[in-house]
Every structure is written in structure tokens, then in C-alpha cells.
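# Per-entry structural report
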Amino acid sequence: MRQPEIETEAKQSVELREVPILPVRDMVLFPHAVLPLTIGRESSIALIQSLGEEKIIAVTAQRDPHTDAPQPSELHEIGTLALVHKVIRMPNQTLFIFVEGLERIRIRNYTHTTPFLKGWVEELPETEMGSRVDEAALQRNIVSLFQQLVAVSPGLSDELQTIILNIEEPGRLADFAAGSLGFLTTPQRQELLETLHIGERLDLVSSHIKRELELHDLRTRIQSQVQDQLSQEQKEFYLREQLKVIQKELGDGEEGPREVEELKKKIAEAKMPEEVEKEARKELKRFSGMSPTAPEHAIIRTYLDCMVSLPWNRSSKQQINISRAQEILDEDHYDLEKVKERILEYLSVLQLKPGMKGPILCFVGPPGVGKTSLGKSIARALGRKFIRLSLGGVHDEAEIRGHRRTYIGAMPGQILQGIRRAGSNNPVFMLDEVDKIGRDFRGDPSSALLEALDPEQNSTFRDNYLDVPFDLSKVLFITTANVLDPIPDALRDRMEMLELPGYTEEEKIQIAVRHVIPRQAEEHGIRLEENIRFTEAALRDLIRNYTREAGLRDMERNIAALCRKQARRIAEGGEKLMVVDPDGIRRHLGAPKTPPESEVAERTKRPGVAVGLAWTPTGGDILFIEASQMAGKKQLIMTGHLGQVMQESMQAALTWVRSHSEQWHLGPDYFDKREVHLHVPAGAIPKDGPSAGVTMATALVSMLTGRRIRQKLAMTGEITLSGMVLPVGGIKEKVLAAKRVGILELILPFQNTVNVEEDIKKEQLEGLTLHYVKTVEEAISLALEPPKPQAPATTSSMPFLVRVN
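Residues numbered from 1 in each chain as written. Predicted model: local features only at pLDDT ≥ 70, side-chain atom pairs only at ≥ 80, totals over all residues. Heavy atoms only, no water.

For the protein, the count of helices and strands is 27 helices and 24 strands. The C-alpha radius of gyration computed for the protein amounts to 46 Å, which surpasses the reference 28 Å derived for 805 residues by more than 25%, pointing to a less compact arrangement than a globule. Counting only C-alpha atoms and orienting by the principal axes, one finds that the protein spans roughly 130 × 105 × 60 Å. Each of the 805 residues in the protein was classed as buried or not, and the buried ones make up 46%. Partitioning the intrachain contacts of the protein with sequence separation of at least 6 by distance along the chain shows that 72% fall at a separation of at least 24. When the accessible surface of the protein is summed, it comes to about 41600 Å², and 51% of that surface belongs to carbon and sulfur atoms. (Helix = DSSP H or I, 4+ residues; strand = E, 2+ residues; numbered from the N terminus. Rg over C-alpha atoms; globule rule 2.2 N^0.38 Å. Buried < 20%, exposed > 50% of the residue type's maximum accessible area, 1.4 Å probe, protein only. Contact = heavy atoms within 4.5 Å. Areas by Shrake-Rupley, 256 points an atom, 1.4 Å probe, with all protein chains shown as cover.)

Attention now moves to the pattern of salt bridges. Scanning the model with the defined rule gives 42 salt bridges in all. With a closest N to O distance of 3.6 Å, glutamate 77 and arginine 106 form a salt bridge. Of this pair, glutamate 77 sits in the loop between β3 (56–61) and β4 (78–89) while arginine 106 is found in strand β5 (residues 95–112), placing the two residues 29 residues apart along the sequence. With a shortest N-O distance of 1.9 Å, glutamate 259 and arginine 301 are connected by a salt bridge. With glutamate 259 in helix α8 (residues 255–270) and arginine 301 in helix α10 (residues 295–309), this pair connects stretches of sequence that are 42 residues apart. (Salt bridge = Lys/Arg side-chain N within 4 Å of Asp/Glu carboxyl O.)

In spatial order, the strands read β8-β9-β12-β7-β13; together these five strands make up an open sheet with parallel pairing. Lying at the two open borders of the sheet, with one neighbouring strand each, are β8 (386–390) and β13 (496–499). For this sheet, the mean inter-axis angle between neighbouring strands, taken without regard to orientation, is 25°. (Pairing = 2+ DSSP bridges. Axes fitted to C-alpha atoms, helices over the stretch in contact; angles between N-to-C directions.)

With that settled, the discussion passes to the packing of aromatic side chains. One pass over the structure, following the stated rule, counts seven aromatic pairs. Residue placement shows arginine 603 over the ring face of phenylalanine 624; its charged tip is 3.9 Å from the ring centre. Above the plane of the ring of phenylalanine 750 lies lysine 774, whose end atom (NZ or CZ) is 4.6 Å from the centre. (Phe/Tyr/Trp six-rings, centres within 6.5 Å; stacked < 30°, edge-to-face > 60°. Lys NZ or Arg CZ within 6 Å of the ring centre and 35° of its normal.)

A regular strand places its side chains so that they alternate between the two faces of the sheet. Of the pairings in the sheet, the one linking strand β16 (residues 609–616) to strand β17 (residues 619–631) comprises eight bridges and is antiparallel in character. Along β17, the bridge assignment pairs valine 609 with glutamate 626. Pairing of β17 with strand β19 (residues 674–679), which is carried by six bridges, proceeds in the antiparallel orientation. Counted as the bridge partner of alanine 627 is leucine 678 from β19.

In β8, alternate side chains face the same way, and those of Ile387 and Leu389 are buried while those of Phe386, Arg388 and Ser390 on the opposite face are not. Direction of pairing for β8 relative to strand β9 (residues 428–432): parallel, over a ladder of five bridges. Bridge assignment links leucine 389 to a residue of β9, and that residue is leucine 431.

By secondary structure assignment, the location of threonine 60 is in strand β3. Look at threonine 60 and you get buried, because its relative accessible area is 3%. In terms of polar contacts, threonine 60 uses its side chain to reach the backbone carbonyl oxygen of histidine 76, at 2.8 Å. Residues contacting threonine 60, with those up to four places away along its chain left out, are Ile21, Leu22, Pro23, Val24, Leu75, His76, Ile78, Gly79 and Ile107. (Polar contact = N/O pair within 3.5 Å; in protein donor to acceptor, adjacent residues only side chain to side chain.)

The grouping of Leu218, Ile222 and Val226 at the surface amounts to a nonpolar patch, some 230 Å² of accessible area in total. Along the chain, leucine 218 turns up in helix α7 (residues 198–250). The exposure class of leucine 218 is partly exposed, given its relative accessible area of 38%. (Patch = residues over 30% accessible without salt bridge, like charges linked within 9 Å, V, L, I, M, F, W, Y side chains within 5 Å.)

Here we take up helix α24 (residues 693–705). Taking 1.5 Å of rise per residue, the 13 residues of α24 would be expected to cover 18 Å, and the 19 Å separating its terminal C-alpha atoms lies within 8% of that figure. Taken across its 13 residues, α24 has 13 buried, putting it largely inside the fold. Of the residues trailing α24, glycine 706 is marked for its positive phi of about 75°. (Expected span 1.5 Å × (residues − 1).)

Below, the discussion takes up the packing of helix α11 (residues 322–332) against helix α12 (residues 337–352). Running from amino to carboxyl end, α11 crosses α12 at an angle of 155°, the nearest separation of the two axes being 10 Å. Put simply, α11 runs roughly antiparallel to α12. Regarding α11 and α12, the two cross each other, and that crossing is right-handed. Of α12, the residues touching α11 (which contributes Ile322, Ala325, Gln326, Leu329 and Asp330) are Lys340, Ile343, Leu344, Leu347, Ser348 and Gln351. (Parallel < 35°, antiparallel > 145°, perpendicular 65-115°, else oblique. Left-handed = near helix turned anticlockwise from the far one by under 90°.)

This brings us to the environment of arginine 106. Here arginine 106 falls in the partly exposed class, since its relative accessible area comes to 25%. Remark: the alpha-carbon pair of arginine 106 and tyrosine 407, spanning 301 residues in sequence, is separated by 60 Å. Ignoring anything within four residues of it in the chain, the contact list for arginine 106 reads Glu77, Ile78, Trp120, Val121, Glu122 and Leu124.

With respect to the helices and strands, serine 206 occurs in helix α7. For serine 206, a relative accessible area of 5% corresponds to the buried category. Through-space distance from the C-alpha of serine 206 to that of cysteine 563 is 83 Å; in sequence the pair is 357 residues apart. Apart from residues lying up to four places away in sequence, serine 206 is in contact with Asn141, Ile142 and Leu145. At a separation of 3.1 Å, a polar atom in the side chain of serine 206 contacts the side chain of asparagine 141.

Once that is clear, we can look at the packing of helix α19 (residues 536–545) against helix α21 (residues 582–589). Close contact between α19 and α21 brings their axes to 8 Å; oriented N to C, the two are set at 50°. Compared by their axis directions, α19 and α21 come out oblique. Across from Ala537, Ala538, Asp541, Leu542 and Asn545 in α19, the residues of α21 making contact are Pro582, Ile585, Arg586 and Leu589. Class assignment of the residues belonging to the contact of α19 with α21 gives a composition of six nonpolar, one polar and two charged. (Nonpolar A, V, L, I, M, F, W, Y, C, P; charged D, E, K, R; others polar.)

Time to look at the confidence of the model for the protein. Averaged over all residues, the pLDDT of the protein equals 83, while 94% of them reach at least 70. Confidence drops under pLDDT 50 across residues 1–13; counting only partners more than four residues distant or on other chains, this segment forms twelve contacts. Note that pLDDT drops below 50 for residues 791–805; the model gives that stretch 19 contacts with residues more than four away or on any other chain. (pLDDT = per-residue confidence, 0-100.)

In this structure, arginine 674 sits in strand β19. A polar contact is formed between the side chain of arginine 674 and the backbone oxygen of tyrosine 670, at a distance of 3.0 Å.

Moving on to the environment of threonine 594. Mapped onto the fold, threonine 594 is located in the loop between α21 and α22 (598–603). According to the relative accessible area criterion, threonine 594 is buried, its value standing at 15%. Setting aside its immediate chain neighbours within four residues, threonine 594 contacts Arg544, Asn545, Tyr546 and Arg548.

Now for helix α16 (residues 445–452). Along α16, seven of the eight residues are buried, which leaves the element largely enclosed by surrounding structure. Along α16, the positions that sit buried rather than exposed are Pro445, Ser446, Ala448, Leu449, Leu450, Glu451 and Ala452. Buried residues along α16 sit in contact with α14 (398–401), α15 (414–422), β9, β10 (461–462), β12 (476–481) and α17 (489–493).

This is the structure:
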């Protein structure tokens, strides 16, 4: 900056002066304060050495204390005008100076940057407070707080209390207090230096002192608590040592050695594998040399107790008798021939090769078909212990593999805990609801099961808690699931799937007579035949109209309700025998809970309504497909809470029907002026899948031709745009569901013939007529009623009605 310009500006505003500027690190100089400084930079040494007699400099703080050669932009604009009192040259060529703050200044401009900084500065006047009363109150508050802080802070001299009492000017009081507070950071000090309003500066200083006093109180309280805790621990240690001496004098001081000897004996009796026994003895050695008060004493004791309680070499003694096993399975469960056959095959191989690895079986089927109870029967037939672990809702991998011992309260996983409870290393272990395992941030339990359910790996299963291998190859693992889709592919690949489909009406009657009714009568304290008797007609009515399900749970609940009714009547002194017939069912259970069989005939009276077959996790079911048309723009409306795949099937069905419009005697522009609506009732229930494609195409043709679909006929099958009918899954469940609701005829894909022959017994097909088709045309020709003779055309005919010649 040129001198004439400076002089002009000074005249117009405030007086400026040019002084050397000394940058400092991590410190702020306040007015009226004396500060010792060590000068080591070459530029700063040159600045001090260039001073004449006046020795006036500007001191300002660096924004970044790590900068060795700060530029003007790296310095704070507000600083302090200072007087250098004394300069001492040190042996290491540095300078030690004492500077006294004079006034606050603002650096307006820098005139030199070499060999040191120099610039024009202006003094900053303080802003006085408006109220003398407020000013006096703030001063007294700061003096009081400062005296309290000096009293509790060993680092502050007691002389400061006397000094602050003799300061009368409020601004100087705030600066003195701020300069004396060693806990303030450089940014906080710079903020106080830049605060020109005296009242605001006093408030800032007051808040800093209050915060420091609160922190000091908190530290004091924490230290007191810690000291009390240490004193209590020392007292307990002293008392324990005295107790040891007393026990020793009384002859009771051998508890520790006895405990170690007892554990050593249990380790020897457990007959652990060599590697496991070596680890157990290593932990026992640590345990024997550890004080009972040590934190790890209880952890190691729990670990050793777990090790010695596991059945490393204990197996259930089993006398394999194939005929006896078959009797037990037949006694507990009706039908289920495939599952029984697989269990008897396993027993036969086990008899020939006792050391074989256990298979991993997975029972798949709807709820209530007896998956869990079948596992208990298998254990009884094998003469083994039975363990059940429900995996529904399990999210934590540690539930399967355990926690590491570093965690407080760590325990083995549920697999080893179940085997420990069983007391043998070859139980029947049922993992229930394996399709309902969860997954979240705590891990993936299904992945943790991969090792346990792999016959090639589970002989060296390693739990996180034990951290030693345990042989699971002798365990017969059985898993259950309602559906297979949620099970990961890797886990599914390790299991042998055995399907347990729903029961037919005849099978349910047999199960009710053989198992359910006797069990419920016994549980309710009544005698069968003497107090309650069920007719076959009553059971059929109960199954058809009250319990339309794949399993048996609803049927058992209703039978239990009838037993309770008779138990109450006997308790009240009524008749001793109740014969349950269809009228008694309605009298005690109310109106039927399921739609009657006539519903299918009622809903298919009009053209455009077809009956399809669906698979659900609870078994098979039927569904209705309704088609309608109306005048409008070319559009397909799809309703009924449909999934993406089912919507695509509707579009494919309509495309196939439109591509064969000439076959149905429709004009080429017939669909251009009409809207087609496809609806699947029960709109609150989600529906998806391609197996209703042939049903949709049939419903559309029925609607367009005005020909009704034959009553008590249902169908299933996926279709292609070329008119092929592709195979679908769940055939047995669908066939049984159709029979339950009174369907007499079924149209199935030709490629599903093998499923019907293998999975469904002949007696289950009694009363059903099955039609196997390869194309949509075959299905439509079988499903639609013959065309009726058409009346002569009239002028009042609707424009979208079609005559069929």
C-alpha cells in the first residue's frame, strides 16, 4: 500500500500505524497481560532484532498452528498491540522475550512479507455496557466464580484471587480471567479477544468458568465412587483371605483341590477324543492355578462343566428290529407309506453297517399332517432320544453355533445344548420350521446349518463356544418345512425331501377313528363308546363342512369341542352317552363353516366362469376365474390381488384366444371395441403362479361363445402362446382339494400323468374322472358344454353376442 493512500484513509476513518506483525502458535495475548514467548523462526528473530527504541509490535495467532511459514491469509485479523519488555538470547540461538498486551487491534493491510511481516493496524475500541447495575452484577459474578475455580484447581495460584479483587474495569477483568484460564482452547481465546462488547465478553467468560466448575464436580464425584469401589474390593479381598485361613484351621480349606480333582476325574470318564481331552486338560491346568476371585475363574469352570457333560462317547443302545419298527410306525401314523418305507430302509442299512452316517431328511407338507409327531415315532422306533428345536423366527447365527467365550454369558449353540440334554451322541434331532429361519445383521442361521447338515462335514462340527470338534455324524437329523422356496439352495441340496401331502376324506375318517377320537376322549376324562360315540356320517359331515383343510388340526379341535360338551353334560348329571350324528354336529358346532359342495355348480351356471386348482402352503384349494366383456376401448382389466406371473398368464391366455378368433367365429376387429375383464374372487388373498393359464383361456372362450363350462369340472395347467399345456406342480394337493369340494372331473396336463400314477393311490381317485390334455383346444373341447341351437337373429340382439353354428 502506498503511503499517500494510507494517510488519506486514516484521515477519513481512524488512525492507522505501521508495525511489525509477530505470528504465534496456540496462544492468544490479551491486553494488560504479560506473556513470555520463545522465538525460533528466522523471520520472527529478524523482526525482534529490527526493533528500535519503541519496541511496539502486533501479536496475532495463526489459524493452523502446524504452519511453519504462515502467510497473511493464514493469520487471524484481530490481534493485540504489544510492547516488548525484555529480550534474552538462548544458547540454542533462539530468543526468549516478554511482551505486554496494550490494545486490541485489527490488521488492515500487510505492507511487507519478507524478511518478516509488517502491516497497517488500527486500534479497536471496546463497546461499553448500557447499564451500570448489570455491569456490576456481571463483575461480581465472575469474581465469585473465578474464586471458586481457583479454590478447587491446584494449577491456579491463590494470588489470583487477590489480583482479580483489585481490578475495577470490567473489560480488563474479563481479559484477566480469560488469560488465567488454562483450560481454554486457542479458538475460544480468540473468540474472547474478538468480542468487543464488554457485556458479551463477561457472559462468555462466565459460561466457560461455570462449565469448568461443573466438570470438576463430575470428576470429583466419579473419583469418589471409584475410591469407594476400590475400598470395598480391598475389604472383600481381606475378608476372603481371613476366611481361607479360618477354613484351613478347621480342615475345610481343601475345596479348591477337591474341585480340580473332581473335574479331572470327569474328564477321564468322558472318554473325549484326544484333541478335545488335550484342550480340556489345558483349561483345567489354568483353572487350578487361578484365584477364585479372578474374573475368568467362573468362565473356565462353566466351560469345563460343559465339556464334561457332553456325550462324547455315549450312545443310545438300540436293538434294530425291522418288523417291530414297522409296527410302531403303523401304530402312530396312518398311511404315509413313502416316509415309512424310507425309515425302514435306513434301519435295514444300519443293521448291516452300524457305523453308517445318518441321513438328513426333510419332511415337507402343509400344517397338521403329522410332520413333528412322525419324528417322535421315528425316535421310538429306533430306540433313541428325541430332541426338537424350533427354528421359526431365529435370526442369530449364534443360536446355532454358539457365542465365543469372550462374551459375557456365552453358551454353546442350540445343537450342542440339545445333544447335552439328550445325553447321547446319536439322538433323533428334529429342526422344526426350517423354512421360517430369518436373516438380519446378526448373521444367517441357515448358513450356519450347512456344516451341521452335511454328512461329509458334520463329523468335525465346531461350535464357537467349545472351539473343539464334535462328531454329529451319528445324529439322525430331521427337518420340517411347509414350503421349499424360502430354504436356500445350498441348504436344500443337503437334505433328502420327503413330501407329506394332505389327507383325503377317507384317510381323515380312519385317522379320527384310530387316533384322534380315542386321544381326545382320554384327555377329557370320558370313555369311548360308553360316554361318546361318533357315526361315520357325522365324521364325513364334520370333515366336509367344518374342517376343509389338508391337515388334521381343525378336525381335532372340533372333536375336542364335542368331547367338552359331553364332559360338561356328564358333570351336570345329564345323559351318560352322546351319539354324535350330523344333526348333533350342527346342534353343538353351529352352522357349517365351509361353503357347500353346491357352490361350484351355482357359480358355474353362467358362461365365463371356470374352476381352477391352486397350491397353497396349507395344501391344495380351488379358485374361480371369471371373465366378462363390455363395450369400450381395447383393454384387458385384471383384478383379484394378482401377482406378476399370474397377470402375464392372463395376457398370454387373451393373446391365444385373439389369435384363434376365427375358430370362435369372431370378426378381426371384434376386440377393438370391447374391454375384457378377468377377475379371481377372494380379492384379499394374494395369488400368483402360471398354473391357471388353461383355466383363464377356457373362461375367456366360454364368455365369448356363450357356452357354459360343465359343472363340477376343474382344471390346471400352464399354457404357451402356441397353445401347448405345460406341466405344473402340486398335483396331489390339487387333486385332493378338488375331491374335497365335490369336483367330479379334472383336466390335467399330459406330462403330469407320471405324478398322478406315482403320488396318488387308486382309492384316492375313486369318483374322479381325469382328462390329460396336450393343447388348449383339447381342454376347451372337454370343458365346454355342447352348443345349443341358436334362435333366429333379432334386431334386439346385443352387438357382442356371438352365434355358434
